[in-house]
Amino acid sequence: MAVRVGVLGATGAVGQRLIQLLEPHPEFEIAALTASESSAGKTYREAAKWRVDSPIPDDIADMTVTATDPDDVDDDVDLLFSSLPSSVGAAVEPAFCEEGYVVSSNSSNSRMAEDVPLVIPEVNADHLDLLEVQRDERGWDGALIKNPNCSTITFVPTLAALAEFGLERVHVATLQAVSGAGYDGVSSMEIIDNAVPYIGSEEDKLETESRKLLGEFDGASLTHDSVEVAASCNRIPTIDGHLENVWVEAADELTADDAKAAMREYPSLDLRSSPDQFIYVFDEPDRPQPRMDRTLGDGMAIAAGGHRASTFGLQYNCLAHNTIRGAAGASVLNGELLLENGYL
Ligand SMILES: NC(=O)C1=CN([C@@H]2O[C@H](COP(=O)(O)OP(=O)(O)OC[C@H]3O[C@@H](n4cnc5c(N)ncnc54)[C@H](OP(=O)(O)O)[C@@H]3O)[C@@H](O)[C@H]2O)C=CC1
Ligand SMILES: N[C@@H](CC(=O)OP(=O)(O)O)C(=O)O
């Protein structure tokens, strides 16, 4: 029987992507949709300005949106996907967890909390058991798991593939699509014929979340990885797909061929939304490109290419679909991991 799930922040850009991915999902059944007070009481069709690239599902369109309050969500809903503004998530996600709901959240609040697993299933599924520590410490029947920032998700899998070479220092420069800022996030006058070399708080997220993801969980606490990461984040006029330039300095010799082989061989998982090939490596020097490569693996693969030796170690480029692998798809994959591991 399918697990009954809800979407917190269901009317938003990421909420709509979640619905697009969850509606046909055989393991999950959408049973609750929440948004702000101004949407509560409306049908989903009335409340959401549907903007994703497939029709609004009829059965979802007719559902009534509720306020984002545990009292308004049925008790038989087991899993909540959260795509709330982080300030709202910080206030309400713990309240849902206290009431026994398991929350798979895409919002940035609490990502760095010591007892909150920050998970990319193919990279650090073992961190999920931090939920036992969380439940002990917080006295929750529910649980809170986070996926990382979209730009973090794009390059950390490639680092995980290279970890055996002894990562010491990493530089990453991003070229981020406008969808990462939400529909109204960047005005057309600001971004057309332009690039903006600043995205608030983004660089810090890449630098800190990456070390948490690559860290070691010993069953009681998590030690962040020692790799030094420096990030520079830029907004460019693409719609979807974050492209990143990465330079890696490793303790051991690391050639372009070694890196390509390690990335190609890095395993995927058997979860329903996992791509068959997790990291798709191009030999062509001008790939990956956002428009051509963001839908690899139904938007869940990481693409890499342009591997070469440079003055600052190994250099390459990587790419991921920021609102699928980097946001809604990441939360769904974490939901599948929770299910597989008996947390639902
Ligand atoms: N990891 C990633 O790559 C990405 C992450 N994000 C993150 O996901 C989250 C959502 O982003 P996005 O979908 O673009 O945002 P939107 O502004 O499009 O949607 C926000 C959602 O939250 C609801 N909401 C707003 N205020 C409240 C409130 N006070 N109480 C309850 N619900 C509220 C809105 O409801 P209503 O329609 O009623 O206002 C809407 O459903 C953010 O935290 C964002 O930073 C976003 C993009 C990519
Ligand atoms: N800041 C990211 C998207 C985002 O909302 O990130 P976060 O989930 O860390 O808030 C971007 O602009 O592409």
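Residues numbered from 1 in each chain as written. Chains lettered and ligands numbered in written order. Predicted model: local features only at pLDDT ≥ 70, side-chain atom pairs only at ≥ 80, totals over all residues. Heavy atoms only, no water.

## Structural notes on the site of ligand 2
Item 1. Taken together, N106, S108, R111, N149, C150, Q176, G180, A181, E202, K205, R235 and H242 form the complete shell of residues around ligand 2.
Item 2. Residue R111 places a side-chain N or O atom 2.6 Å away from an oxygen atom belonging to ligand 2.
Item 3. For ligand 2, an oxygen atom lies 2.5 Å from a polar atom in the side chain of R235.
Item 4. Its free accessible area being 350 Å², ligand 2 has 80% of it covered by the protein chains.
Item 5. Split into classes, the residues belonging to the shell around ligand 2 amount to two nonpolar, six polar and four charged.
Item 6. Viewed by domain, the shell around ligand 2 spans two of them, domain 1 (3–148 + 327–340) and domain 2 (150–322), each represented by three or more residues. (Near = heavy atom within 4 Å. Polar contact = N/O pair within 3.5 Å; in protein donor to acceptor, adjacent residues only side chain to side chain. Areas by Shrake-Rupley, 256 points an atom, 1.4 Å probe, with all protein chains shown as cover. Nonpolar A, V, L, I, M, F, W, Y, C, P; charged D, E, K, R; others polar. Domains from an automatic or database assignment.)

## Quick word on the packing of helix 7 (residues 150–162) against helix 10 (residues 256–265)
Item 1. As a packed pair, helix 7 and helix 10 sit with axes 8 Å apart at the nearest point and diverge in direction by 110°. Here helix 7 is positioned roughly perpendicular relative to helix 10, judged by the angle of their axes. Contacts between helix 7 and helix 10 involve T158, A161 and L162 from the first element and A259, A262 and M263 from the second.
Item 2. The residue inventory of the contact of helix 7 with helix 10, partitioned by class, reads five nonpolar, one polar and no charged. (Axes fitted to C-alpha atoms, helices over the stretch in contact; angles between N-to-C directions. Helix = DSSP H or I, 4+ residues; strand = E, 2+ residues; numbered from the N terminus. Parallel < 35°, antiparallel > 145°, perpendicular 65-115°, else oblique. Contact = heavy atoms within 4.5 Å.)

## With respect to the UniProt feature "domain: Semialdehyde dehydrogenase NAD-binding" (unreviewed entry) in the chain
Item 1. The sites that UniProt annotates as "domain: Semialdehyde dehydrogenase NAD-binding" (unreviewed entry) are residues 4–131.
Item 2. Strand forms 18% of residues 4–131 and helix 29%; the C-alpha atoms that close the span are 21 Å apart. (UniProt positions renumbered as here; feature names shortened; annotations may be inferred.)

## What to know about the sheet that holds strand 11 (residues 242–250)
Item 1. An order of 10-7-11-14-13-12 is seen for the six strands of this open sheet, with the pairing classed as mixed. Only two strands of the sheet have a single partner each, and these edge strands are strand 10 (228–235) and strand 12 (279–281). Strand-to-strand twist across the sheet, computed as the mean angle between neighbouring axes with direction ignored, equals 25°.
Item 2. Where strand 11 meets strand 14 (residues 313–320), seven bridges bridge the pair, whose relative direction is antiparallel. When the bridges of strand 14 are listed, E244 appears paired with C318.
Item 3. Packed onto the sheet, helix 9 (residues 202–213) meets strand 7 (167–176) and strand 10 and runs at close to 145° relative to strand 10. (Pairing = 2+ DSSP bridges.)

## Re the nonpolar core
Inside soluble globular proteins, nonpolar side chains tend to come together where they are buried.
Item 1. In terms of nonpolar packing, the biggest core is built from 40 residues, with F155, L162, V248, I279 and Y316 touching the most fellow members.
Item 2. Take this core: its biggest share by element is seven residues, from helix 7.
Item 3. Mapping this core onto the domain boundaries places at least three of its residues in each of domain 1 (3–148 + 327–340) and domain 2 (150–322).
Item 4. Formed by 38 residues, the second largest nonpolar core is a distinct cluster that contains V7, V102, V119 and L338. (Core = buried A, V, L, I, M, F, W, Y, C linked by side-chain atoms within 4.5 Å. Buried < 20%, exposed > 50% of the residue type's maximum accessible area, 1.4 Å probe, protein only.)

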